[in-house]
Amino acid sequence: MEFITLGRTNLLVSRSALGTRRLEQVSPSCTLSILDAAYQSGINFYEVYLQSLGCASSIGTFLSDKRKNCVLSVSSQIQENQNVTQLVENVLELLSLDYIDIFSIKAENEFYDQNDEVYKTLKFLKDSGKIHFIGFHTHTLSLAEKALDSDIYDVIQYPLNILSSDEEIEFVSCCQKKDIGFMARMPFNAGKIDNVPLAFGFLRQFESVIPVYSAGNLDEVQKLVYFEMNPPVADERFMEDIVSLKKNC
């Protein structure tokens with residue numbers, strides 16, 4: 001398993017992160033089996049989306065004796081007038097944690113700058129050790145660009161896959177130049193891309209990018225680990241297949 005540093009956070013993370021969103025669809029025992037299989041294979045980076053946290057107790061159980069060896073990213077939408085401090089405290093309680101490595105604001109219509117109360121609260125929680133780094137999670141490029149330009153977010157989560165535009169790919173380069181961690185959402189473009197080796201190999205070309213792969217069963221974890229250990233080679237045939245896939249989607 002390869003590891004890289006996630007931008008200026010200096011967190012050493014596996015080249016792929018495991019998203020937990022689909023784990024709420026399976027039993028607690030199956031959830032633990034999936035998480036443990038990923039962990040035993042070397043994956044140490046786990047991403048939790050708060051709005052789909054039906055498996056919180058299982059994740060907490062999994063982390064109970066592995067916390068020092070794992071990096072946890074939590075992202076959440078912030079509702080109007082929501083108590084952000086209480087939100088973070090609730091997450092810590094749900095997962096039985098003392099701190100969250102990365103807490104990301106998920107936004108599609110609003111940008112939270114350094115003068116916004118939401119950001120100020122997260123900064124306070126960072127200073128107090130409840131969270132270690134602040135991230136920004138969006139599917140809107142203009143907001144992602146604002147987050148990058150603001151220089152107040154340590155990590156940006158944004159969709160990246162074979163079907164991404166040249167502008168989006170250039171954005172990844174800009175993040176790397178500014179040493180901002182980049183987590184790639186939607187590596188299969190919500191199911192539009194079904195060629196796993198091609199999708200994996202495409203993202204593997206970006207040395208600073210951490211794709212977030214969701215798994216709902218052990219077979220999907222095993223496939224992810226296989227391609228981690230045997231990454232597709234981006235040769236001429238590989239690039240031709242990417243061009244063909246783009247044309248057909």
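Just so we're clear, the structure is a prediction, and the values are computed from it rather than from any experiment.

Novice: Before we move on, can you summarise the overall build of the protein chain with the specific residues and values?
Specialist: Helices and strands together make up the secondary structure of the protein chain, namely nine helices and ten strands. Computed over the C-alpha atoms, the radius of gyration of the protein chain is 18 Å, within 12% of the 18 Å expected from 2.2 N^0.38 for a compact globule of 249 residues. Here the contacts in the protein chain between residues at least 6 apart in sequence split such that 76% fall between residues at least 24 apart. Averaging the locations of the 22 positively and 34 negatively charged side chains of the protein chain gives two centres separated by 1 Å.

Novice: Summarise the packing of aromatic side chains; cite the residues concerned and give the values.
Specialist: The relation between two aromatic rings is expressed through the spacing of the ring centres and the mutual angle of the planes. All chains considered together, the criterion is met by 13 aromatic pairs. Aromatic side chains Y119 and Y153 sit 5.5 Å apart centroid to centroid with 80 degrees between the ring planes, which places their arrangement in the edge-to-face category. Remark: Y153 occurs in the loop between α5 (141–150) and β8 (155–159) and Y119 occurs in helix α4 (residues 117–127); sequence separation between them is 34 residues. Of the two residues, Y119 and Y153, both sit in the buried class. Considering the side-chain rings of Y158 and F171, the 6.1 Å spacing of their centres and the 65 degrees angle between planes classify their relative orientation as edge-to-face. Of this pair, Y158 sits in strand β8 while F171 sits in helix α6 (residues 166–177), placing them 13 residues apart in sequence. An identical accessibility class is assigned to Y158 and F171; each is buried. Taken together, the aromatic side chains of F188, F200, Y213, Y226 and F227 make up a single cluster linked through ring pairs. A cation over a ring is seen here: K66 above Y39, with NZ or CZ 5.6 Å from the ring centre.

Novice: An account of the sheet that holds strand β6 (residues 100–106) is needed here, citing residue identities and associated values.
Specialist: Pairing is parallel in the closed barrel, where eight strands are placed in the order β3-β4-β5-β6-β7-β8-β9-β10. If you compare each strand with its neighbour and ignore which way they point, the axes differ by 25 degrees on average. Bridge analysis of β8 against strand β9 (residues 181–185) gives five bridges, and the strand direction is parallel. Each bridged residue has a counterpart across the sheet, and for Q157 the counterpart in β9 is M183.

Novice: Would you mind going over the nonpolar core in detail, with residue names and values included?
Specialist: Of all hydrophobic cores here, the largest spans 73 residues; its most connected members are Y46, L122, Y153, I156 and F182. Sequence-distant contacts of Y46, that is, excluding residues within four places in its chain, are made with L18, L35, A38, Y39, F62, C70, V71, L72 and S73.

Novice: Pulling in residues and values, what's your account of the pairing of strand β4 (residues 45–49)?
Specialist: Burial of β4 is extensive: five of the five residues sit out of reach of the surface. Taking every second residue as pointing to the same face, both faces of β4 are buried, with F45, E47 and Y49 on one and Y46 and V48 on the other. Where strand β3 (residues 17–19) lies against β4, two bridges are found, and the strand directions are parallel. Within β4, the position partnered with L18 by the bridge is Y46. Read from β3 through helix α1 (residues 28–40) to β4, the crossover connection turns out right-handed.

Novice: Explain α1 residue by residue, including any values.
Specialist: End to end, α1 covers 18 Å across 13 residues, agreeing with the expected 18 Å (1.5 Å per residue, within 8%). All of the buried residues in α1 are T31, I34, L35, A38 and Y39. The buried side chains of α1 occupy one side of the element, clustering within an arc of 135 degrees when seen end-on. Facing away from the buried surface of α1 by more than 90 degrees, the exposed residues are S29 and Q40. Next to the buried residues of α1 lie β3, β4, α2 (56–63) and α8 (218–229).

What counts and what doesn't
- Residues numbered from 1 in each chain as written.
- Predicted model: local features only at pLDDT ≥ 70, side-chain atom pairs only at ≥ 80, totals over all residues.
- Heavy atoms only, no water.
- Helix = DSSP H or I, 4+ residues; strand = E, 2+ residues; numbered from the N terminus.
- Rg over C-alpha atoms; globule rule 2.2 N^0.38 Å.
- Contact = heavy atoms within 4.5 Å.
- Lys, Arg positive; Asp, Glu negative; His and termini not counted.
- Charge placed at Lys NZ, Arg CZ, Asp CG, Glu CD.
- Phe/Tyr/Trp six-rings, centres within 6.5 Å; stacked < 30°, edge-to-face > 60°.
- Buried < 20%, exposed > 50% of the residue type's maximum accessible area, 1.4 Å probe, protein only.
- Lys NZ or Arg CZ within 6 Å of the ring centre and 35° of its normal.
- Pairing = 2+ DSSP bridges.
- Axes fitted to C-alpha atoms, helices over the stretch in contact; angles between N-to-C directions.
- Core = buried A, V, L, I, M, F, W, Y, C linked by side-chain atoms within 4.5 Å.
- Right-handed = clockwise from strand over helix to strand, strands pointing away.
- Expected span 1.5 Å × (residues − 1).
- Arc of directions from axis to C-beta.

That's the geometry; what it means functionally is another story.
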